[in-house]
Amino acid sequence: MKIAFVSTINLKLYNEYGKRFIFEFAEYASSEVKLFIIFEGEIPEELLNLSDNIIVMPLVNEKFASFFQKFGKLQEARGMRFNYFYENDKRMVKLDYDYKFNAVKFSYKPFSILQSLDYTPDDLDYLIWTDADLRCKKKFEANDLVEFMPENEYIMSYLGRKNAYSECGFLGFNLKNERFIRYIERVIEIYTSGEFFTLDEWHDSYIWDHVRMEFEKNYQYKFKNLATGDAFEKEHVYINTNLDNFFDHLKGPQRKIDGHSTEDDYSKMVI
Amino acid sequence: MQKVVFYTQHPANQTITQFFAKSQNLMYENISNYEKYQNINFVSYGILRGTGEIFQNTENFFYIDHGYLNSSKRKFNNNDIIIEGFTGYFRIVKNNFYFNKDFKNNDKKRFEKLNISLKDLNNNGEYIVLSEPSRHIINFLGIHDWTENTVNKIKSLTDRKIIIHNKFSEVSLNDILKKAYAFVSCQSTAAFKAIAEGIPAYFTHSSLKDFGNLNNIDNRYLNHDLLYLAANSQWTLKEFFGDEFKEFLNSLE
C-alpha cells in the first residue's frame, strides 16, 4: 500500500510551527511515505535536502490563479463582514472579521490538494491531507495508517463532529476509486465560480462538508467518518480517534504555543 | 558512475531537480558544493545560475530542460523565464543539451498519448522559416554568427525566400508555419511542432542534424521518427516515480 501526505504552509507559519512538523515527519515517517509540501513564498533551503521522501514545491496552479485573480483582493472573501447600522439617523458601517467567511485564507488547502494530484506517483493508493500544525509522536509506516484510509467504495475519510463542521485537518482520499476526483473538482468549482458566496459559511471545512453531503445525497458517494463512538461528540475530535497514537493536532493558537494538546481535550464535548 | 543532482537558487530548478533526485534516491546538493565531488554524473536543470559553466566543463552529465512537445507553459519576462506550472514534459539528455543522438527507442506509444495529430506534408509551402536561437543560447553555444552563416548556407542550396523568426517576432509561430516550406533552426523545440504541422525541419546542431540535414532542404521529408524518439526522451515530474522512467535512465547509461 502506498500513501503520501500533502500539506501547505507559508514562510511565517513555517517558522511558527510548520518547520517542527516537517522535521518530525522526516524523523518519524518511513521512507516509503512521501510528503508533498506546497510552499507559499521562498522555500527555505533547509527543506530541500531534509529527506528523500519530502518534496517541496511552490503553489503553481491555474485554477488557484484564476480564483485568486477574481476574489483574492476582495475583503468580503477575506472574512471582512460589513455590518450596517443607523446612528443618529446616519447610516454607519462596522467592519468585523469572521474566519468563517475567509474563503481566501482557507482556499490554499483544496487547491494544494488539487495541485498535488498532478505530481504524486501514479501507483499511490491514498493521499492524506494534513494541516501543518501537526506533531508526529512515534515512527510510522504506510501500513500503520491503513485503518484511517477510505477503502474500496469510500471516496474520502474524514473527522466528522456532531453539530459542528468536520475537523478537516485530516482528510484521506482514495486514489484508487476513480470517482474521488469528481468530489475534489466540485469543491474547486465552488471556489472558482464564486458559488461559495451562496453558502452559509465560506471556509474550507464547511465546503468539504457541503459537497460531501451533496454527493452522499445525489450520487450515493460513500465517505468514511473516522470519528466514531464518543469521538464524534468531542470538540478536539482528532486526538479522540486512533490518530492520537501517531499524531497530535495543534488546533487553535494556544496549542501551537504550548506544542501539544491538553488533557481536557480528551473529554471536552462539542458545544 | 554515481549521479549527483544539484540545485540552484531558482524555484523552478529546485522543484524539478528535487523530483529527479528524490524519485531516484540520488544525492542532492547545492550547486555551490559542486567542487566537493569528483567522478560523478552531474545532473541539473537549465543553464543559468552556475549550471551552464559546469555542464560545459564536465564530461558526464544529465541535462534537464523543457520537453520537446507538450512542455510546461512559460512566460518570457526580459531575461527571466517564468514557469507557469510543472505539469508538462521535461527532456532528459545525457552528455548533450538538446537530444540523445544515439537513443533508439522510436516506439510510438508515448507520442500517441500526447494527442498531437500529424499533418500531411504541406505542399503549399512558400518560404523557409529560419528560427533564431535566443540570446542565451547564442552565447552559451558561442554561435554569434549563426543567423548570417545559416542564411548563407541556405542561399547556397535554394533560391526560396527566407523569413527570420524569433521569440520577439510579431507574427506567431503558428501563423508563420501555415505557408512554410521548411523550418530551419539550430536546435529549436519548435521544430518538433513544425514537423507535426507538416513542415520538414532541418537542424544545424550536431545532436540533431542527422535527423534533418540542411543539405537535404529540397528533399522534403517529415521525420516522424524524430517525434517518437523525442516523446520517449521527455517525461513529466509525476512519471519520474515510475519504472518506465528508471528504464529510460538506464538506457542512457
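Rules and cut-offs
- Residues numbered from 1 in each chain as written.
- Chains lettered and ligands numbered in written order.
- Predicted model: local features only at pLDDT ≥ 70, side-chain atom pairs only at ≥ 80, totals over all residues.
- Helix = DSSP H or I, 4+ residues; strand = E, 2+ residues; numbered from the N terminus.
- Rg over C-alpha atoms; globule rule 2.2 N^0.38 Å.
- Contact = placed C-beta atoms within 7 Å.
- Buried ≥ 20, exposed ≤ 12 C-beta atoms within 10 Å, placed from the backbone.
- Axes fitted to C-alpha atoms, helices over the stretch in contact; angles between N-to-C directions.
- Parallel < 35°, antiparallel > 145°, perpendicular 65-115°, else oblique.
- Nonpolar A, V, L, I, M, F, W, Y, C, P; charged D, E, K, R; others polar.
- Pairing = 2+ DSSP bridges.
- Core = buried A, V, L, I, M, F, W, Y, C linked by C-beta atoms within 7 Å.
- Domains from an automatic or database assignment.
- Left-handed = near helix turned anticlockwise from the far one by under 90°.
- pLDDT = per-residue confidence, 0-100.

1. Details of the overall build of chain A
When its secondary structure is counted, chain A shows seven helices and eleven strands. A globule of 271 residues ought to have a C-alpha radius of gyration of about 18 Å, and chain A, at 19 Å, matches this closely. Its C-alpha atoms put chain A at 65 × 45 × 40 Å along the principal axes. Pairs at least 24 residues apart make up 71% of the contacts formed inside chain A by residues separated by at least 6 positions.

2. Concerning the overall build of chain B
For chain B, the count of helices and strands is nine helices and twelve strands. Dimensions of chain B, computed from C-alpha atoms along their principal axes, come out at roughly 55 × 40 × 30 Å. By residue count, 38% of the 253 residues in chain B fall in the buried class. Within chain B, contacts between residues at least 6 apart in sequence are counted, and of these 61% link residues at least 24 apart.

3. Brief notes about the packing of helix 3 (residues 62-71) of chain A against helix 5 (residues 180-193) of chain A
Residue and element names in this part refer to chain A. At a minimum axis distance of 8 Å, the contact between helix 3 and helix 5 shows a crossing angle of 30°. With respect to helix 5, the axis of helix 3 lies roughly parallel. In contact with K63, S66 and F67 of helix 3, helix 5 contributes I188, Y191 and T192. In terms of residue class, the contact of helix 3 with helix 5 is made up of three nonpolar, two polar and one charged.

4. As for the interface of chain B and chain A
Across the boundary between the two partners, chain B contributes 17 residues, which contact 16 residues of chain A. Tallying contributions element by element places helix 1 (residues 11-23) of chain B first for the side of chain B that touches chain A, with six residues. Residues of the side of chain B that touches chain A, tallied by class, amount to seven nonpolar, seven polar and three charged.

5. Quick notes on the sheet that holds strand 10 (residues 180-185) of chain B
Residue and element names in this part refer to chain B. Here four strands make up an open sheet; going across it, the order is 9-8-10-11 and the pairing parallel. Of all strands in the sheet, those with a lone pairing partner are strand 9 (162-165) and strand 11 (201-203), marking the two edges. Pairwise comparison of adjacent strand axes, ignoring direction, gives a mean angle of 25° for this sheet. When strand 8 (residues 127-131) meets strand 9, the two strands line up parallel, connected through four bridges. Across the sheet, the residue bridging to V129 is I163, located in strand 9.

6. Observations regarding the nonpolar core
I37 of chain A together with I16, F183 and I195 of chain B are the most contacted members of the largest nonpolar core, which has 138 residues in total. With seven residues, the single largest contributor to this core is helix 5 of chain A. Residues lining this core come from more than one domain, with at least three contributed by each of domain 1 (3-100 + 233-252) and domain 2 (127-230) of chain B. Aside from chain neighbours lying at most four places away, what touches I16 of chain B is Y45, I64, F86, F90 and L237 of chain B.

7. Some points on the domain arrangement of chain B
Along its sequence, chain B is carved into domain 1 (3-100 + 233-252) and domain 2 (127-230). Here the side of domain 1 of chain B that touches domain 2 of chain B is composed, by residue class, of six nonpolar, five polar and no charged.

8. Observations regarding the packing of helix 5 of chain A against helix 6 (residues 204-219) of chain A
Residues and elements named next belong to chain A. Across the interface, helix 5 lies against helix 6 with an axial gap of 10 Å and an inter-helix angle of 130°. As far as their axial angle goes, helix 6 and helix 5 are oblique. Regarding helix 5 and helix 6, the two cross each other, and that crossing is right-handed. Every residue of helix 6 that contacts helix 5 at Y183, R186, V187 and I190 is listed here: I207, W208, V211 and F215.

9. Some details on the confidence of the model for chain B
For chain B, the average pLDDT comes to 94, and 96% of its residues sit at 70 or higher. In the predicted complex, the global pTM is 0.93; the interface-specific ipTM is 0.93.

10. Let's talk about the pairing of strand 3 (residues 54-58) of chain A
Residues and elements named next belong to chain A. Judged by how many residues are buried, strand 3 sits mostly within the fold: four of five residues are covered. Two strands pair when backbone bridges link them, and strand 2 (residues 34-40) and strand 3 are joined in this way by five bridges, in the parallel orientation. Looking across to strand 3, one finds that F36 is bridged to I55.

11. Focus on unusual backbone geometry
In this model, N152 of chain A sits at a positive phi of 45°, which is unusual for a non-glycine residue. With a phi angle near 50°, N25 of chain B is a residue other than glycine that sits in the positive phi range. Positionally, N25 of chain B belongs in the loop between helix 1 and strand 2 (27-30). Taking the number of C-beta atoms within 10 Å as the measure of exposure, N25 of chain B has 10 and is therefore exposed.

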